[in-house]
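Summary of structural features
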Amino acid sequence: MANPSVARPPRQPRFSGLGWRRARWGYVFIAPWLIGFAAFTAIPMIATLAFSFTNINLAQAQPLAFVGLKNYEKLINDQQVWDSLVITLKFAALALPIAVILPLLVALLLHSRHLYGSSAFRVLFFLPYVVPFVAAVFIWGGMLNPSTGWINLALQAVGVENPPAWLEDPSWVYPGLALIGVWGIGAGMIVYLAGLKGIPTDLYEAARIDGAGAWASLRHITIPMLTPVIFFTMVLSVVEVMQYFLVPLVLQDGTGEPGGSTMFYNLYLYKNFFTFQNMSYGATLAWLLFAITLAITLVLFGTARRWVYYAGEAR
Amino acid sequence: MTALSIPRRGILRRRGRAAEGSRPPRQRGDSGRSFLITLIAVLILAAFLSPMLRSLAYSVKSLDQITQAHSPLYPADPVMFSFGGEDLPIMNVPMPDGSTRQLALLEPLRRQSTFVDPAAPDAAPIVWEGSWRTLEPVWQFAPHFENFAAVWDLIDYPRLLFNTVFIAVVSTIGTLVSCTLVAYGFARFRFPGRGLLFTLLIATIFLPAAVTIIPTYTVFQRIGWVGTWLPLLVPAFFANAYDVFLMRQYFMTIPTEMDEAAAIDGAGPFRTLISVLIPQAWPVIVAVAVFHLVYSWNDFFGPLLYTAGRPEIQTVALGLQRFNGIYYREPGYIQAGTLMTLVIPVIAFLLTQRFFTRGIVITGVDK
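The paragraphs below set out a description of the structure included in this document. (Residues numbered from 1 in each chain as written. Chains lettered and ligands numbered in written order. Predicted model: local features only at pLDDT ≥ 70, side-chain atom pairs only at ≥ 80, totals over all residues.)

Summing up its helical and strand segments, chain B has 16 helices and eight strands in all. For 367 residues, the compact-globule estimate of 2.2 N^0.38 gives 21 Å, and chain B exceeds it by more than 25% at 30 Å. The dimensions of chain B, computed from C-alpha atoms along their principal axes, are 100 × 70 × 35 Å. Within chain B, contacts between residues separated by at least 24 positions form 67% of all contacts whose residues are at least 6 apart in sequence. (Helix = DSSP H or I, 4+ residues; strand = E, 2+ residues; numbered from the N terminus. Rg over C-alpha atoms; globule rule 2.2 N^0.38 Å. Contact = placed C-beta atoms within 7 Å.)

Turning to the overall build of chain A, a few remarks are in order. When helices and strands are tallied, chain A shows 13 helices and zero strands. Listing the helices and strands of chain A from first to last along the sequence gives α-α-α-α-α-α-α-α-α-α-α-α-α. Seen through its principal axes, chain A has C-alpha atoms that stretch 80 × 75 × 35 Å. Going through the 315 residues of chain A one by one, you find that 37% of them count as buried. Considering only contacts within chain A whose residues lie at least 6 apart along the sequence, 66% involve residues at least 24 apart. (Buried ≥ 20, exposed ≤ 12 C-beta atoms within 10 Å, placed from the backbone.)

For the rest of this paragraph, the subject is the interface of chain B and chain A. The figure often quoted for interface size is the accessible area lost as the parts come together. In this complex, chain B contributes 83 residues to the contact, which on the side of chain A involves 79 residues. Take the side of chain B that touches chain A: its biggest share by element is 14 residues, from helix H2 (residues 31-59) of chain B. For the side of chain B that touches chain A, the residue count by class is 51 nonpolar, 23 polar and nine charged. (Nonpolar A, V, L, I, M, F, W, Y, C, P; charged D, E, K, R; others polar.)

Let us now look at helix H12 (residues 265-275) of chain A. Owing to its 3.6 residues per turn, the α-helix aligns residues three or four sequence positions apart on the same side. Burial within H12 of chain A is extensive, with nine of its 11 residues counted as buried. Among all positions in H12 of chain A, only Tyr 265, Asn 266, Leu 267, Tyr 268, Leu 269, Tyr 270, Lys 271, Asn 272 and Phe 273 of chain A are buried. Elements in contact with the buried residues of H12 of chain A: helix H3 (79-111), helix H11 (246-251) and helix H13 (279-307) of chain A together with helix H7 (210-222) of chain B. Just beyond H12 of chain A, the residue with positive phi is Gln 277 of chain A, at close to 55°.

Moving on: H7 of chain B. Residues and elements named next belong to chain B. Here H7 spans 19 Å end to end across 13 residues, near enough to the 18 Å set by a 1.5 Å rise per residue. Taken as a whole, H7 has its buried residues at Ala 210, Val 211, Thr 212, Ile 213, Ile 214, Pro 215, Thr 216, Tyr 217 and Thr 218. Where H7 ends, the next residue or the one after it, Gly 224, has phi of about 80°, a positive value. (Expected span 1.5 Å × (residues − 1).)

If you look at the biggest cluster of nonpolar residues, it comprises 142 residues, and the most contacted ones within it are Val 182 and Val 244 of chain B. For this core, the element with the most residues is H3 of chain A, which contributes 11 residues. Those residues within four positions of Val 244 of chain B in sequence are excluded, and the remaining contacts are Trp 33 of chain A together with Cys 179, Val 182, Ala 183, Phe 186, Leu 201 and Ala 239 of chain B. (Core = buried A, V, L, I, M, F, W, Y, C linked by C-beta atoms within 7 Å.)

So yeah, pure geometry; function would need other evidence.
So, in structure tokens, the structure goes:
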């Protein structure tokens, strides 16, 4: 994280008279965010925690009461919570590698000096990223239609006799959803491309003089130099995939079909707080989700020092 | 378009120039390989965008065609032949001698059917042995643009469009004003706790929305804001991490000498922001504006929570979902509606794609 770190003169009071006046202006200017942060982030976070110890429920007007750990007891005994968690992790195992690696592969292709018209390709590969999410879901819903979708028509054309039913088959629904996710590679690809352009060419020249081929250059220069970008993409993708639920919500109207296979954790959470208006149980689910996401993120940060290479920390 | 694409100073440009240098020049004798790699890229791109092409084709297909198995991938109508005051469908008929003739179906029967040759309608009808149902009709390219007109009315598109544009414009104004102020505060003033607050700001990017949404929704519900646009508009006026970060990074590249000169001339901090920084920062202002317009246009979760059950205040994205719930048996309508939803953000992106992608680079790489 690049901190402004203006060089401070040592042993001098940091905020003398004029300094304080400027400092006050600083607070004035960031005030909109400070207020917003308090109102829409900090206080709601604490309130979410507080909600989880109450029986707050918008659907029925029961007297508000402190219920201790009752919601957590319910959570532990709620089979759907654990099923949904498994569903989310299963999907993450499939979707995460795609979200991290696919944009890198496309970026490598677009960065190739042999490619004609690379900026046109960049725009077109990015394009689906700005397609509204609902539109993308309906476009892909048609594409993955078992009988009229082009994917199955293509599979039949190359001789696959019983192509999968994709979103209608519990064992094919995750690959189907992962395919829909492929349209989201745009931002990752742009960031990887910028990372690739930032790698000094003399590294490659030195490697070539040392007799390194294309594969060795990729393995020993490109990938290590890109690890900060890979890491960033990975962390954002983890946070995103743990909250995944809007696509199945739109596709199957939040029913979890086929066969409960798309009752993702966040979908279950959403149903609890929005459909059933059960705020207290929703809040309990939300804190578990937050704790799991935070734990995974912290583990990732813990491993980062072993494999993420920051070139001298300087930029 | 051209005016937009020449950012005069700052990282948007500087990065661009550095980028040119790192791509090694193409060498002689590489053209064969270039052709191959470009071909591979074209094929991958074609597969990548093919869902859009299918949507485009379906949006102009008639329901008759969609419900017919083995109809062509492109929009088409069966070719008809007018005979004796009747429109007869023309079929591809395999003849006993192995050839195929295009004949108009005059009398469809189970075991044998009679056909008329459109080339010689006055000749005796041709009797063909076999089930006419196994025959493939002859199709001709015929786009049905009336799907769009139908959806326009059915979905009440003008109303959805107005709602979406209104929300997008107001929340973009809020975002621009608040993020400019906050970014200016972080970029140009030193104050105790600045580093910590900035880290906190960035950390909110990684915060799952689930952990804040429930109390927020509850409060909005209690104060009667659910079912109005206020929850979609008001928070925009309190800045967001992405856009503040983007603007702050840009402000930091603008030299402080001019700020200081303005201060010596007696300009206060507000004056300096408006007359020194903002005129130099318009590329990033455009980037944030487009980002937010597209974000707001595409937002689904916010309108889903706060406009549920009130079709008259919903956005295009929500309207499309509601529409799908009613007309899911008419894929032509659904895909036409889908294209009507995506066309504006896609055009906005294409017109400003330089700013758009540079903005993503800054938020993505610098962190």
